[in-house]
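# Secondary and tertiary structure notes
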Amino acid sequence: MNTVELQDYITQGAEAIVAEAVHATLRDPKEAAFMARFAIASAKAADRRSKSEKDGLHVPTFLIASITSACNLHCAGCYSRAEHATQDCEPVRQLTAEEWDRVFAEAEEMGISFILLAGGEPLLRRSVVEKAAARPNLLFPVFTNGTYLDGKYFDLFDRKRNMIPVVSIEGGREKTDTRRGEGVYDLLRANMEEFSRHGILWGASVTVTRENLDEAVSPVFAEELTSKGCRLFIFVEYVPVTEDSRDLAPDEEDREKIRKAVGELRSKFPGAIFLTFPGDEKASDGCLAAGRGFFHINSHGGAEPCPFSPYSDVNVKETSLRAVLKSGLFEKIRDGGLLLEEHVGGCTLFERRGEVEAIAKTSES
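Below is a summary of the structure that appears in this document. (Residues numbered from 1 in each chain as written. Predicted model: local features only at pLDDT ≥ 70, side-chain atom pairs only at ≥ 80, totals over all residues. Heavy atoms only, no water.)

### Examining the overall build of the protein chain
When you go through the protein chain residue by residue, the secondary structure sums to 16 helices and 9 strands. Contacts spanning at least 24 positions in sequence make up 71% of the contacts within the protein chain whose residues lie at least 6 apart. About 15,500 Å² of surface is accessible on the protein chain, with carbon and sulfur atoms providing 51% of the total. (Helix = DSSP H or I, 4+ residues; strand = E, 2+ residues; numbered from the N terminus. Contact = heavy atoms within 4.5 Å. Areas by Shrake-Rupley, 256 points an atom, 1.4 Å probe, with all protein chains shown as cover.)

This is the structure:
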């Protein structure tokens, strides 16, 4: 599966998710109207990307937007806290809701179809989430730890089918609570029941370590979640942030096991999307970061190759997304072959963070 095929798989799968969401609520004419608009918008977005490609600019399908650096949980081995990108309180000088709305508008104009809302805990910023919900031509997977889901959010996800909640879970109760805190698993189960009751389709983000690998990619786990309406599985291979956590990271043998298992899950559950990150980089002939398949905007507006590579030479407060894709950092990473290099495991840019940081410093304008 090369880069184009992977993006097609994701795009077609996402459209299938939306179609199923609408099918489940056809009694509501607003949902049928949304599906019609989204289908048209998807085709127009593809045309915009194609035109940019002919003009010499590759526009990826995805953008990852970390809309806040605040989080209420202290998950074991969290790379974001280790990199000091996440903290307990709302940071100063983060992008305002209006600035994020401008980013969303520009992304839509460029032909970016999917914006992954992340954090920190994105549901802490209701005003930004509401700005996203008001843009039906874009699909927003919202990566949440699930602890801030309330009646208003369930109502929003029910009404705005372009918003797909993606909850973080590590497997069963033991694995989830060990990493995320006691009681989190039961709360997630309650959320799943609520999603099911409302007919809301949702996703799961699973951090895969050597400790939970077998459980995380098992058909039993997938069956359990799909029965509650889960239609998107994102397996995030654990990236060691300290030397003493390196043993948790899947090695090449484990990663091959993950790839094989995910391939089988794709065949067994054709109604769901299964992705691995950064594992799909091997299937797509290299890492997709730095605008090759996606890029990342942090909560302060810094444009980064990837959440695991938190270095930037431009800020969206001062420049456009088109300029971001042409930034010195992104171009040097893509042209320098960093995305295509072999590496031991985990994330190639994380392993070469010294090189990326040096490039960012020399590229700053």
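### Here's the deal with the environment of Leu 188
Positionally, Leu 188 belongs in helix α8 (residues 184-198). Since its relative accessible area comes to 1%, Leu 188 is described here as buried. Between the alpha carbons of Leu 188 and Asn 145 there is a distance of 8.3 Å; along the sequence they are 43 residues apart. Ignoring sequence-local partners within four residues, the contact set of Leu 188 consists of Asn 145, Gly 146, Val 167, Ser 168, Ile 169 and Thr 176. (Buried < 20%, exposed > 50% of the residue type's maximum accessible area, 1.4 Å probe, protein only.)

### Points about the nonpolar core
The biggest cluster of nonpolar side chains holds 96 residues, and the ones touching the most others in it are Ile 115, Leu 117 and Met 163. Setting aside residues no more than four positions away along its own chain, Ile 115 makes contact with Leu 63, Ala 65, Phe 104, Ala 107, Leu 138, Leu 139, Phe 140 and Pro 141. (Core = buried A, V, L, I, M, F, W, Y, C linked by side-chain atoms within 4.5 Å.)

### Concerning the pattern of salt bridges
If you walk through the whole model with that rule in mind, you get 22 salt bridges. With a closest N to O distance of 2.5 Å, Glu 170 and Arg 180 form a salt bridge. Separated by 10 residues along the polypeptide, Glu 170 in the loop between β4 (163-168) and α7 (173-180) and Arg 180 in helix α7 bring together distant segments of the chain. By relative accessible area, Glu 170 is classed as buried at 2%. If you follow the salt bridges from partner to partner, you end up with Glu 237, Glu 252, Arg 255, Glu 256 and Arg 259 in one network. (Salt bridge = Lys/Arg side-chain N within 4 Å of Asp/Glu carboxyl O.)

### With respect to the packing of α7 against α8
In helix packing, the relevant descriptors are the interaxial angle and the interaxial distance, both defined with respect to the helix axes. The contact between α7 and α8 brings their axes to 8 Å, and the two run at 115 degrees. On the side of α7, the interface is formed by Arg 173, Thr 176, Asp 177 and Arg 180, while α8 contributes Val 184, Tyr 185, Asp 186 and Leu 188. Along the lines of polarity and charge, the residues of the contact of α7 with α8 split into 3 nonpolar, 1 polar and 4 charged. (Axes fitted to C-alpha atoms, helices over the stretch in contact; angles between N-to-C directions. Nonpolar A, V, L, I, M, F, W, Y, C, P; charged D, E, K, R; others polar.)

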